[in-house]
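Coordinate inspection notes
Next come the chains, spelled out residue by residue.
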Amino acid sequence: MANPTPTNAAADPEQVAPNHWDTTPENQAPTFRNQNQVWPVRVIRRGDAVRPLPSHARSLAGLTFEVGGVRVGLSDYMARRRTAGLLILKHGEIALERYGMGNGPESRWASMSTAKSITATLVGAALHEGAIGGLDDACEQYLPRLRGSAYEGVTIRNLLRMCSGVAWREEDDADGRSEDYRLGKVMEGRRPGSVLDLLHELPRAHPQGAVFNYSTGESCLIGALVVAATGRPLADYCAEKIWRPAGMEADGYWQLESEDGLELGGLGVSARLRDFGRFGQLVLEDGEAFSGRRVLPPGWRDLAGQPDSAPTAFGRLMPGSPAGYGYHWWAVPPLPGSVNNGAFAANGAYGQFIFVDPTEQVVIALQSAWRQPYDSDAAVENIAMIRAAVSALRTEPAS
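Residues numbered from 1 in each chain as written. Predicted model: local features only at pLDDT ≥ 70, side-chain atom pairs only at ≥ 80, totals over all residues. Heavy atoms only, no water.

1. Quick notes on the pairing of strand E3 (residues 70–73)
Here is the rule: Only strands that DSSP links by at least two bridges are regarded as paired with each other. Put simply, DSSP H or I for four residues or longer makes a helix, DSSP E for two residues or longer makes a strand, and each gets a number counted from the N terminus.
As judged from the four bridges shared by strand E2 (residues 64–67) and E3, these two strands associate in the antiparallel manner. For Phe65, the partnering residue across the bridge sits in E3 and is Val72. The antiparallel hairpin formed by E2 and E3 contains two residues in its connecting segment, where Gly68 sits at a positive phi of about 60 degrees.

Right, dumping it as structure tokens:
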């Protein structure tokens, strides 16, 4: 199903931009809120059972935190950082739920790159049911289209690590024509098969497994691989393995490369804030759905959420970053006495975030409308807010 129209669109249409990277302050939030009016999408259908999210005994309504020696409150933080939604769960219970930027509980919001973590989770689901034989299988075993390309022989595991060795520039350089820019042009063309065609053309830059290189194209390839392995559209498989088992309350959307075409595994899931929180909760519980059904291999959370190779180890990803990388999740660096040891997160452009802390049993979903894809000051403030929230919810005082 492509381009479903919200039931209230005719009565109260919002002005949206033709794409999310060319918005104004006035239409940015409506664009993020109405992705299905901007791109062709396929519906991720919810099931009959909705996972309840009761209130936690400890409310964070009065949460404050310190940034640069200044004490900050939630209202000021959300206004300055253009926060559209903030949900904090402890043991699956709501300690805080706040909205801004015109959003409410029923608003859907574009995921940006947090969709990468959903795509990788579907690899785990396909592995669990046997549709994927093993993570060290070569990708062309499932996608014969890749034979003769730089991806031939690259394992699923190295795709999940973003260590394929295939050349990709996520950021524009002096010529302004990165591979990510080319992907954007391909998306605008809306031609079936165009994403895999682009990936087939890419040259090899390094041996596989040797270098971490963040690539949205890699995530799109993984999405196509899951489709090929399962014989199902990615949105349908996501509905079966994530949306229904996690007890989502509403349908989601997944952006397509063309009308009725392939879902873009690197971006483009649109869902309610609470449903992104339920996804984080499903991962935190290691794929043991609230109904008791297991949808991921035992131990997948800890495998996917932490580095397992030298190029993806803590402090090795890029200059100045202490983070590590798991299987399409950013791993939070361990620190002595930290409340975040073992935590990991899905990050997306313009301030999208799903934080999972198995030790503290906390999930935080954050939706934002930053005016640029990455804002270092806002990111620092987000980290301070998350640390304060996790600390406030600890069952035992910090020693």
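2. Brief notes about the environment of Met162
Note that Met162 resides in the loop between helix H5 (156–160) and helix H6 (179–189). Remark: the alpha-carbon pair of Met162 and Gln306, spanning 144 residues in sequence, is separated by 13 Å.

3. Let's talk about the packing of aromatic side chains
The criterion, for reference: Between the rings of Phe, Tyr and Trp (Trp by its six-membered ring), a pair exists once the centres lie within 6.5 Å; its type follows the angle of the planes, with under 30 degrees stacked, over 60 edge-to-face, and the other angles tilted. In this scheme, a residue with accessible area under 20% of its type's maximum is buried, one over 50% is exposed, and one in between is partly exposed, where area comes from a 1.4 Å probe on protein chains only. Working rule: Lys NZ or Arg CZ, within 6 Å of ring centre, within 35 degrees of ring normal, means a charge sits over the ring.
One pass over the structure, following the stated rule, counts 11 aromatic pairs. The interplanar angle of 75 degrees and the centroid separation of 6.1 Å between the aromatic rings of Phe212 and Trp330 together place this pair among those described as edge-to-face. Within this pair, whereas Phe212 is found in the loop between helix H7 (194–201) and helix H8 (216–230), its partner Trp330 is found in strand E10 (residues 330–331), the two being separated by 118 residues in sequence. Classification of Phe212 as buried rests on a relative accessible area of 9%. Exposure remark for Trp330: the relative accessible area of 17% places this residue in the buried category. For the ring pair Trp370 and Tyr374, a centre distance of 6.4 Å and an interplane angle of 75 degrees mean the geometry is edge-to-face. Tyr374 gets classed as exposed once you look at its relative accessible area, which sits at 59%. Here Arg108 stacks its cationic end above the ring of Tyr253, 4.9 Å away from the centre of that ring.

4. Description of the pattern of salt bridges
Let me state the cut-off plainly: A side-chain nitrogen of Lys or Arg and a carboxyl oxygen of Asp or Glu constitute a salt bridge if their distance falls within 4 Å.
What the rule picks out here adds up to 28 salt bridges. Its salt-bridge partner being Glu188, residue Lys185 comes within 3.3 Å of it at the nearest N-O pair. Here Lys185 and its partner Glu188 are both found in helix H6, three residues apart, which amounts to about one turn of the helix. When its relative accessible area of 43% is taken as the criterion, Lys185 is described as partly exposed. Through salt bridges with shared partners, one network takes in Glu97, Glu249, Arg272, Arg274, Asp275 and Arg278.

5. Considerations on the pairing of strand E7 (residues 252–255)
Burial along E7 is two-sided: the residues Gly252 and Trp254 and Tyr253 and Gln255 are all buried. Bridging between strand E1 (residues 41–44) and E7 involves four bridges; their strand directions are antiparallel. Note that in E7 the partner of Val41 across the bridge is Gln255. Bridge count between E7 and strand E8 (residues 269–272): two bridges; the pairing is antiparallel. Across the sheet, the residue bridging to Tyr253 is Ser270, located in E8.

6. Brief notes about empty space enclosed by the protein
This is how it is decided: A 1.4 Å probe that fits into a set of points on a 1 Å grid over the protein atoms alone but cannot get out defines a cavity; an open set with protein on both sides within 12 Å along at least five of seven lines defines a pocket, and lining residues are those with an atom within 4 Å of a point. Grid points are joined across faces, edges and corners, and a volume is the space filled by probe spheres set on the points.
Tallying each qualifying case throughout the model produces three cavities of 30 Å³ or more. Those elements that provide at least two residues to the lining of the largest cavity are helix H1 (28–33) and helix H2 (35–38). Of the voids in this model, the second largest cavity is the one considered here, and its volume is about 50 Å³. Lining the second largest cavity, in full, are Ala110, Ser111, Thr114, Leu273, Phe276, Gln352, Phe353, Ile354, Ala365, Leu366 and Gln367. Of all the secondary structure elements, the ones that give two or more residues to the lining of the second largest cavity are helix H10 (273–284), strand E12 (352–357) and strand E13 (362–368).

Take it as geometry only, folks, not as evidence of what the structure does.
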